[in-house]
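Read off the chains here:
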Amino acid sequence: MLVRPIQTEKAYREETKRAYMFIVPTSASKQAVAKQVSEQYNVTVTSVRVVLRKGKATKFSRGRHAYPGTTYRQDKKIAYVTLKEGDKIKVFDEEPVEEATDKKADKKADKKGDK
């Protein structure tokens, strides 16, 4: 079973409550999700909440004169996994941001200093 972490602003906000968000297969149960997360990330799972997000409606057309129709995107199952106090998942840790040097700004500063 594939358990993919979600990395959005909402997911980072939930992280402060020791809850992590994952996209799981629609056929997965709470027990299966808890077992997979604990094995994959070596953490202790205390609770699992599951939400089924319905797919959005999208319009489609098959050619210029064809009758347009509506179809739906695939449904997603989202699992909110709460961990034991002190456990963390490293996927969600912030990486140190390195400041990129702006070469154009450096060149402009050098030109101004030469004059």
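Residues take numbers from 1 onward in each chain, read along the sequence in its written order. Owing to the predicted nature of the model, reporting of local features is limited to residues with pLDDT of at least 70; listing and counting of side-chain atom pairs is limited to 80 or more, with chain, interface and lining totals taken over all residues. Hydrogens and water are ignored here; the side-chain numbers use all heavy atoms of the structure.

Engineer: Go over the environment of Ser61, please, and point to the residues and values.
Structural biologist: For helices the rule is a DSSP run of H or I covering at least 4 residues; for strands it is a run of E covering at least 2, with both sets numbered from the N terminus onward. Of note, Ser61 is situated in the loop between β4 (57-60) and β5 (69-72). Not counting chain neighbours up to four residues away, the residues in contact with Ser61 comprise Ala66 and Pro68. By the convention used here, residues are in contact when the closest approach between their heavy atoms is within 4.5 Å.

Engineer: Let's hear about the pattern of salt bridges: which residues, and what values?
Structural biologist: Salt bridges are identified by distance alone: a Lys or Arg side-chain nitrogen within 4 Å of an Asp or Glu carboxyl oxygen. In the structure shown here, the tally under the stated rule is 2 salt bridges. We note a salt bridge from Glu14 to Lys17, for which the minimum N-O separation is 3.6 Å. Where Glu85 meets Arg18, a salt bridge forms, and the shortest distance between an N and an O atom there is 3.0 Å. With Glu85 in the loop between β6 (76-83) and α3 (103-114) and Arg18 in the loop between α1 (9-15) and β2 (19-24), the pair connects residues that are 67 residues apart, well separated along the chain.

Engineer: I'd like a description of the sheet that holds β6, backed by residues and values.
Structural biologist: With antiparallel pairing, the 4 strands of this open sheet are ordered in space as β1-β2-β6-β3. Strands with a single pairing partner mark the edges of an open sheet, and in this sheet they are β1 (4-5) and β3 (45-53). In this analysis an axis means a line fitted to C-alpha atoms, helices contributing only their contacting stretch, and an angle means the value between N-to-C directions, from 0 to 180 degrees. Packed onto the sheet, helix α2 (residues 30-41) meets β1, β2, β3 and β6 and runs at close to 120 degrees relative to β3. Two strands qualify as a pair provided DSSP detects at least 2 bridges between them.

Engineer: Now, about α2: what can you tell me, with residues and values included?
Structural biologist: With 12 residues, α2 should cover 16 Å at 1.5 Å per step; its first-to-last C-alpha distance of 16 Å lies within 8% of that length. For α2, the elements touching its buried residues are β1, β2, β3 and β6. Positive phi appears at Asn42, one or two residues downstream of α2, with a value of about 55 degrees. Residue count minus one, scaled by 1.5 Å, sets the expected span of a helix.

Everything listed is a geometric property; what it means functionally is a separate question.
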